[in-house]
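# Coordinates in review
The lines below spell out each chain.
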Amino acid sequence: MPRLTIPNRPTTNPHPMGQHQRIAALQRVLADDSTSPRVRLAACLVLLFAQPVSRIVRMTTDDVVHDGQHVTLRLGDPPTPVPEPVANLLLDYLQALPASTPAINQNSPRLFPGRRPSQQVNPGTLRDALRELGVPAEKGRTSAIRQLVLQAPAPVIAQALGYHDKSTTRIATEAGAPWKNYAPGDHTR
């Protein structure tokens, strides 16, 4: 048998993109009409909401809430508001979704349906598409979550984006967040 070589993959988060690189990548993705809306939307979810590709592919159309004025995503509790340029992309994608879904998977509730009935798109396929677009999923997600925990308390970000509070607290500590002594919960007692 030939010798098997196992690639050495780091087990820790990669160094994040710089904040300016992340914003530039987000602007480029939003302005690029030649790329599939599916890939553009996934890139926005990574770069803006720090969502891992494995969680993005599990999202359903019910996770998108549109009340006529505002668009929110059920990433955590309460649903997270989606800013305007991304909200338009998301609504346009939802409107075109039935026409772009494979015929065998027409009744899928998935936001990113795959080719098999009731299955989501393969995370590796979506990750490869993001890489082709020039969006490194892990570095973009790491950059986004670090920026978010610098702007708000880690427990608040954890609850809003569906992260565990210990993970966001650790990331906040690594990033040097000013919210170190924030105590979540009801302070009216």
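Cut-offs applied
- Residues numbered from 1 in each chain as written.
- Predicted model: local features only at pLDDT ≥ 70, side-chain atom pairs only at ≥ 80, totals over all residues.
- Heavy atoms only, no water.
- Salt bridge = Lys/Arg side-chain N within 4 Å of Asp/Glu carboxyl O.
- Helix = DSSP H or I, 4+ residues; strand = E, 2+ residues; numbered from the N terminus.
- Buried < 20%, exposed > 50% of the residue type's maximum accessible area, 1.4 Å probe, protein only.
- Contact = heavy atoms within 4.5 Å.
- Polar contact = N/O pair within 3.5 Å; in protein donor to acceptor, adjacent residues only side chain to side chain.
- Pairing = 2+ DSSP bridges.
- Axes fitted to C-alpha atoms, helices over the stretch in contact; angles between N-to-C directions.
- Parallel < 35°, antiparallel > 145°, perpendicular 65-115°, else oblique.
- Left-handed = near helix turned anticlockwise from the far one by under 90°.
- Core = buried A, V, L, I, M, F, W, Y, C linked by side-chain atoms within 4.5 Å.
- Nonpolar A, V, L, I, M, F, W, Y, C, P; charged D, E, K, R; others polar.

## Considerations on the pattern of salt bridges
Note that side chains of opposite charge can pair when their charged atoms are close. Counted according to the given criterion, the structure contains four salt bridges. With a shortest N-O distance of 3.5 Å, Glu174 and Arg146 are connected by a salt bridge. Of the two residues, Glu174 is situated in helix α8 (residues 165-175) and Arg146 in helix α6 (residues 137-151); the sequence distance between them amounts to 28 residues. Given a relative accessible area of 48%, Glu174 falls into the partly exposed group. The exposure class of Arg146 is partly exposed, given its relative accessible area of 24%. Where Glu174 meets Arg170, a salt bridge forms, and the shortest distance between an N and an O atom there is 3.3 Å. Here Glu174 pairs with Arg170, and both are found in helix α8, just four residues apart, close to one helical turn. Take Arg170: its relative accessible area is 43%, and that puts it in the partly exposed class.

## Here's the deal with the environment of Thr168
Looking at the secondary structure, you find Thr168 in helix α8. Given the relative accessible area of 0%, Thr168 is considered buried. As a C-alpha pair, Thr168 and Pro153 span 15 residues in sequence and 8.9 Å in three-dimensional space. The residues contacting Thr168, other than those within four sequence positions of it, are Ile145, Val149, Ala154, Pro155, Ile157, Ala158 and Tyr163. Within the structure, Thr168 has its side chain in polar contact with the backbone oxygen of Ala154 (distance 3.0 Å).

## Some remarks on the sheet that holds strand β1 (residues 64-66)
Strand order in this open sheet of three strands is β1-β2-β3, and the pairing throughout is antiparallel. The open sheet has two edge strands with one neighbour each: β1 and β3 (80-81). Inspection of the sheet shows β1 paired to strand β2 (residues 71-73) by three bridges, in the antiparallel sense. Among the inter-strand pairings, Val64 is bridged to a residue of β2, identified as Leu73.

## Description of the side chain of Thr60
Here Thr60 shows up in the loop between α3 (53-56) and β1. Overall, the relative accessible area of 19% leaves Thr60 in the buried class. Excluding anything up to four places from it in sequence, Thr60 contacts Pro109, Arg110 and Leu111.

## A short note on the packing of helix α7 (residues 154-161) against α8
The angle between the axes and the distance between the axes are what describe a pair of packed helices. In the contact formed by α7 and α8, the axes pass within 8 Å of each other and the chain directions differ by 135 degrees. Relative to α8, the element α7 is oriented oblique. By crossing handedness, the relation of α7 to α8 is classed as right-handed. Packed against α7, whose contacting residues are Ala154, Pro155, Ile157 and Ala158, the element α8 presents Asp165, Thr168, Thr169 and Ala172 at the interface.

## Focus on the nonpolar core
Formed by 50 residues in total, the largest nonpolar core has its most connected members in Leu45, Leu73, Val82, Phe112, Leu130 and Leu161. With nine residues, the single largest contributor to this core is helix α2 (residues 37-49). What Val82 contacts, discounting residues up to four positions off in sequence, is Phe49, Val71, Thr72, Leu73, Ala87 and Leu90.

## Quick word on the packing of α2 against α6
Interhelical geometry of α2 versus α6 gives an angle of 40 degrees and a closest axis separation of 6 Å. Here α6 runs oblique to α2, going by the angle between their axes. Here Val46, Leu47 and Leu48 of α2 lie close against α6, whose contacting residues are Ala137, Gly140, Arg141, Ala144 and Leu148. Residues that form the contact of α2 with α6 fall into these classes: six nonpolar, one polar and one charged.

Function-wise, these values are silent; they only describe arrangement.
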